Structure formats: structure tokens, C-alpha cells
Amino acid sequence: MIVTVASFKGGVGKTTTALHLAAYLQTLAPTLLVDGDLNRSALDWAARGNLPFKVIDEKAAVKFARQYEHIVIDTPARPATEELKTIATGCDLLVLPTSPDALAMGAMQIMVDALHQLSANYKILLTLIPPHPSRVGEEAKQSLQKIGLPVFKSGIRRYAVFQRAALEGVPVNQVKGDSKAGIAWRCYCEIGKEILS
């Protein structure tokens, strides 16, 4: 399976999502993460520590792709129309992470409008959801469902442990001594299960 993670806005957890989906899929079958983002954030994350899967840049993808059952692709932020067409048609599922704030949701809507013209298979993932008692995540999900957009049942909560994982160069489930690590990991496991169902 090829899963691509794309967004028209930075800072919505695109690389974090790509990395954790790869970590989840790796628990099931050999998984490759292709870092196609110009910032090379996934490669930087990998260089800081020890990830349980291989991370390469897009130039090396052809060489390694056949060796893996699952491929997750982290894309550049705000891809051009032609790039978006290639991204959307070259995968089994396009995951669109967005935080539930107005600016991110607006950028995501622009991307969805472009994807509708391409008949792409995509699903929206709400990320950086504020903790309870805030209902902004649930409200954003309901408003997306109301207009008929495909949204993951689960979402990704905003936890500081994700930053710690990036600093340590590991997936969040390998961060020691943080009570939120297990909860944060389960968020991505739920998304992974939904992708494969």
C-alpha cells in the first residue's frame, strides 16, 4: 500500500503523521518512508535517533520501493497543481492532516477543491486537537462531515510528547518517562487501523 501525506499548510503535523503511520505499518510489514519534503524533516528526525523503518529521499525511492510492502510518502508543503496531480494519482490513499483552526481548515478546503477535479482517494485527518474540555476538534469533524467530506473517525491530540519524540529521533511510542506517549501512539494506531480496514 502507498499512503501519501500532503497539506497546503505547514505546521499541521504532516511529517509527524507520515512518520507515525510508517511506524504503525512497520509493525505489520516492512515499511519505507520517502521524504519528499524540501525541509527533509523526516530524514532529520531519523538522523537524530533510531527509527524502526527505513527513511530515504525521493531520489532513492525507485531503488528501494520493491523491497517494501508499505510505502509512506511525506510531500512538500503546498504542492503545485501538477505536483498535486502526481501525488494524488500515485497512491492508494492521500491523507490530509489539518489542525482544527480556521486558517488550516481554509487551506485544507482549497486542497480538497483541487482534489475533487482529480477524483482522488483522500481522507482528512484532524491533528493538533486541543485537550478537553475544548470541543473544537469534535466541532471541526462534524462540520467536515456535514458537507460530505471523508474524515477519519479518530484524530490526533496535541501533546508535547510529539516534540520530544522528534528531538530524540524516535516514534512517540519509544519516548520513555512520559505518561502521554502511550496515548499519543494509540491515536496513530487507530488511524493506521482505519487506513487498512
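Residues numbered from 1 in each chain as written. Predicted model: local features only at pLDDT ≥ 70, side-chain atom pairs only at ≥ 80, totals over all residues. Heavy atoms only, no water.

## Some remarks on empty space enclosed by the protein
Consideration 1: Enumeration according to the criterion identifies 1 cavity of 30 Å³ or more in this entry.
Consideration 2: For the largest cavity, the calculated volume is near 40 Å³.
Consideration 3: In terms of lining, the largest cavity is formed by Ala6, Ser7, Phe8, Lys9, Val12, Leu96, Pro97, Thr98, Ala104, Met108 and Met111.
Consideration 4: Put simply, the parts of the chain that give the lining of the largest cavity at least two residues each are β5 (93–98) and α5 (102–118). (1 Å grid on protein atoms, 1.4 Å probe; cavity = no way out; pocket = protein on both sides within 12 Å on 5 of 7 lines; lining within 4 Å. Points joined across faces, edges and corners; volume = space filled by probe spheres on them. Helix = DSSP H or I, 4+ residues; strand = E, 2+ residues; numbered from the N terminus.)

## Notes on the nonpolar core
Consideration 1: If you look at the biggest cluster of nonpolar residues, it comprises 37 residues, and the most contacted ones within it are Leu21, Leu33, Phe53, Val95 and Ile195.
Consideration 2: Elements with a minimum of two residues in this core: β1 (2–5), α1 (14–26), α2 (41–48), β5, α7 (161–168) and α8 (181–196).
Consideration 3: Sort the elements by how many residues they give to this core and α8 lands first, with 8 residues.
Consideration 4: Apart from residues no more than four positions distant in its own chain, Leu33 is found in contact with Ala18, Leu19, Ala22, Ala42, Phe53, Lys54, Val55, Ile56, Val72 and Asp74. (Core = buried A, V, L, I, M, F, W, Y, C linked by side-chain atoms within 4.5 Å. Buried < 20%, exposed > 50% of the residue type's maximum accessible area, 1.4 Å probe, protein only. Contact = heavy atoms within 4.5 Å.)

## A word on the sheet that holds strand β2 (residues 31–35)
Consideration 1: Read across the sheet, 6 strands follow the order β3-β2-β4-β1-β5-β6 without closing on themselves; strand pairing throughout is parallel. Strands at the two margins of the open sheet, each flanked by one partner only, are β3 (54–57) and β6 (122–126). Each strand of the sheet is rotated relative to its neighbour by a mean of 25 degrees, with strand direction disregarded.
Consideration 2: Summarising the sheet, β1 and strand β4 (residues 70–74) pair through 4 bridges and their orientation is parallel. Following the sheet pairing, Val3 is matched in β4 by Val72.
Consideration 3: In the packing of α8 onto the sheet, the strands contacted are β1, β4, β5 and β6, and the crossing angle to β6 comes to about 165 degrees. (Pairing = 2+ DSSP bridges. Axes fitted to C-alpha atoms, helices over the stretch in contact; angles between N-to-C directions.)

## Some details on the confidence of the model for the protein chain
Consideration 1: When pLDDT is averaged across the protein chain, the result is 92; 100% of the residues are at 70 or more.
Consideration 2: Looking across the protein chain, the model is least confident in helix α4 (residues 81–89), with a mean pLDDT of 83, and most confident in α1, with 97. (pLDDT = per-residue confidence, 0-100.)

## A few points about the layout of surface pockets
Consideration 1: A volume near 480 Å³ is recorded for the largest pocket.
Consideration 2: Lining the largest pocket are 26 residues, with Gly11, Gly13, Lys14, Thr15 and Thr16 positioned closest to its centre.
Consideration 3: Breaking the lining of the largest pocket down by element, the ones donating at least two residues are α1, α2 and α7.
Consideration 4: A per-element tally of the lining of the largest pocket places α2 first, with 4 residues.
Consideration 5: In terms of residue class, the lining of the largest pocket is made up of 10 nonpolar, 9 polar and 7 charged.
Consideration 6: What the second largest pocket holds in volume is close to 410 Å³.
Consideration 7: For the second largest pocket, the lining is made up of 17 residues, of which Val34, Glu58, Ile73, Thr75 and Ile87 are closest to its centre.
Consideration 8: Residue assignment for the lining of the second largest pocket shows that the elements contributing at least two residues are β1, α3 (61–64), β4 and α4.
Consideration 9: Taken together, the residues of the lining of the second largest pocket sort by class into 9 nonpolar, 5 polar and 3 charged. (Nonpolar A, V, L, I, M, F, W, Y, C, P; charged D, E, K, R; others polar.)

## Re a nonpolar patch on the surface
Consideration 1: Residues Met1, Leu28 and Leu196 make up a contiguous nonpolar surface patch of about 240 Å² in total accessible area.
Consideration 2: Here Leu196 is to be found in helix α8. (Patch = residues over 30% accessible without salt bridge, like charges linked within 9 Å, V, L, I, M, F, W, Y side chains within 5 Å. Areas by Shrake-Rupley, 256 points an atom, 1.4 Å probe, with all protein chains shown as cover. Salt bridge = Lys/Arg side-chain N within 4 Å of Asp/Glu carboxyl O.)

## A few points about the environment of Gln26
Consideration 1: Along the chain, the position of Gln26 falls in helix α1.
Consideration 2: What makes Gln26 partly exposed here is its relative accessible area of 25%.
Consideration 3: Taking C-alpha positions, Gln26 is 21 Å from Leu167, a pair spaced 141 residues apart along the chain.
Consideration 4: The residues contacting Gln26, other than those within four sequence positions of it, are Thr31, Pro52 and Phe53.
Consideration 5: At 2.8 Å, the side chain of Gln26 and the backbone nitrogen of Thr31 are in polar contact. (Polar contact = N/O pair within 3.5 Å; in protein donor to acceptor, adjacent residues only side chain to side chain.)

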